[in-house]
Amino acid sequence: MKLTIHQDPGIPETEIIINCAHMDARIQHLIALIRQHSFSLTAYQEEKEFQLPLEQIYFIDSVDGKTFLYLEKEVYFCRNTLAVLEEKLVHTSFIRISKNCIINTNFLKSVRPMYNHRLEALLENGETLVVTRNYIEALKNKLKGENL
């Protein structure tokens, strides 16, 4: 692979161009990472507003109709519903794993089977989450590089 970087202070906006003979899973994953890097989510903590880059968010959880964004050690409130966030994050490394949770697969350390056809997902920060059986196939496809 050849990588060329051209830096010019006169360029108004960063542009990334990928030239390839064949679009494979690795390139699709790279594209998903680039897309993810280019936008953030608005979140709140102690009445302050923050723009959180997607690459810092480990998972998103909804409890009693409220949505929370979990970073490595911090939690933020988000005004968007899980359904709205799922729509926004469709071409990123995020995937829904249950009715109330979306994870960032970039922080997924391992998965192991549980009872009742569920999976336990272990994240790099030590957090464990349950992948319910309705979402297992979508997670497997995401990990194979599909739906990026």
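Overview of the structure. This is a predicted model, so every value here is computed, not measured.

Rules used throughout
- Residues numbered from 1 in each chain as written.
- Predicted model: local features only at pLDDT ≥ 70, side-chain atom pairs only at ≥ 80, totals over all residues.
- Heavy atoms only, no water.
- Buried < 20%, exposed > 50% of the residue type's maximum accessible area, 1.4 Å probe, protein only.
- Helix = DSSP H or I, 4+ residues; strand = E, 2+ residues; numbered from the N terminus.
- Pairing = 2+ DSSP bridges.
- Core = buried A, V, L, I, M, F, W, Y, C linked by side-chain atoms within 4.5 Å.
- Contact = heavy atoms within 4.5 Å.
- Phe/Tyr/Trp six-rings, centres within 6.5 Å; stacked < 30°, edge-to-face > 60°.
- Lys NZ or Arg CZ within 6 Å of the ring centre and 35° of its normal.
- Salt bridge = Lys/Arg side-chain N within 4 Å of Asp/Glu carboxyl O.
- Lys, Arg positive; Asp, Glu negative; His and termini not counted.
- Polar contact = N/O pair within 3.5 Å; in protein donor to acceptor, adjacent residues only side chain to side chain.

1. Remarks on the pairing of strand β9 (residues 119-123)
In step 1: Buried residues dominate β9, accounting for four of its five residues.
In step 2: Pairing of strand β8 (residues 108-113) with β9, which is carried by five bridges, proceeds in the antiparallel orientation. Considered in β9, the bridge of R112 is made with E120.
In step 3: The antiparallel hairpin formed by β8 and β9 contains five residues in its connecting segment, where N116 sits at a positive phi of about 55°.
In step 4: Examined bridge by bridge, β9 and strand β10 (residues 128-131) share four bridges and lie antiparallel to one another. Counted as the bridge partner of L122 is T128 from β10.
In step 5: What sits between β9 and β10 in their antiparallel hairpin is a turn of four residues, with G126 showing a positive phi close to 90°.

2. Examining the nonpolar core
In step 1: F59, I97, I103, L129 and V131 are the most contacted members of the largest nonpolar core, which totals 16 residues.
In step 2: Among the elements of the structure, β6 (94-98), β7 (101-104), β9, β10 and α3 (136-143) are those that each provide at least two residues to this core.
In step 3: It is β9 that contributes the most residues to this core, three residues altogether.
In step 4: The contact partners of F59, leaving out residues within four places of it in the chain, are F68, L69, Y70, C101, I102, I103, L123, E127 and L129.

3. Looking at the packing of aromatic side chains
In step 1: The full count for this structure, using the stated rule, is four aromatic pairs.
In step 2: Ring geometry for F50 versus Y76: centroids 5.3 Å apart, planes at 70°, classification edge-to-face. Remark: Y76 occurs in strand β5 (residues 75-78) and F50 occurs in strand β2 (residues 48-53); sequence separation between them is 26 residues.
In step 3: The partly exposed category is assigned to F50, whose relative accessible area is 28%.
In step 4: Ring centres of F59 and Y70 lie 4.3 Å apart, and the angle between their planes is 5°; on these two criteria the pair is classed as stacked. Residue F59 is located in strand β3 (residues 59-63), and its partner Y70 is located in strand β4 (residues 66-70); the two are separated by eleven residues in the primary sequence. As far as the burial class goes, F59 and Y70 line up, both buried.
In step 5: In this structure, R79 is placed above the aromatic ring of Y44, and the distance from its NZ or CZ to the ring centre is 4.0 Å.

4. What to know about the pattern of salt bridges
In step 1: Inspection of the entire model under this criterion finds two salt bridges.
In step 2: Residue R96 is joined to E86 by a salt bridge in which the shortest nitrogen-to-oxygen separation is 2.7 Å. Of this pair, R96 sits in strand β6 while E86 sits in helix α2 (residues 82-88), and the two are ten residues apart along the sequence.
In step 3: The partly exposed category is assigned to E86, whose relative accessible area is 33%.
In step 4: Here E120 ties to R112 by a salt bridge, and the two come within 2.8 Å at their closest N and O atoms.

5. Topic: the side chain of D61
In step 1: Note on placement: D61 falls in strand β3.
In step 2: Among buried Asp, Glu, Lys and Arg side chains, D61 stands out as unpaired, with R96 the closest opposite charge at 8.8 Å.
In step 3: Within the local environment of D61, its side chain forms a polar contact with the side chain of N100, the two groups lying 3.4 Å apart.

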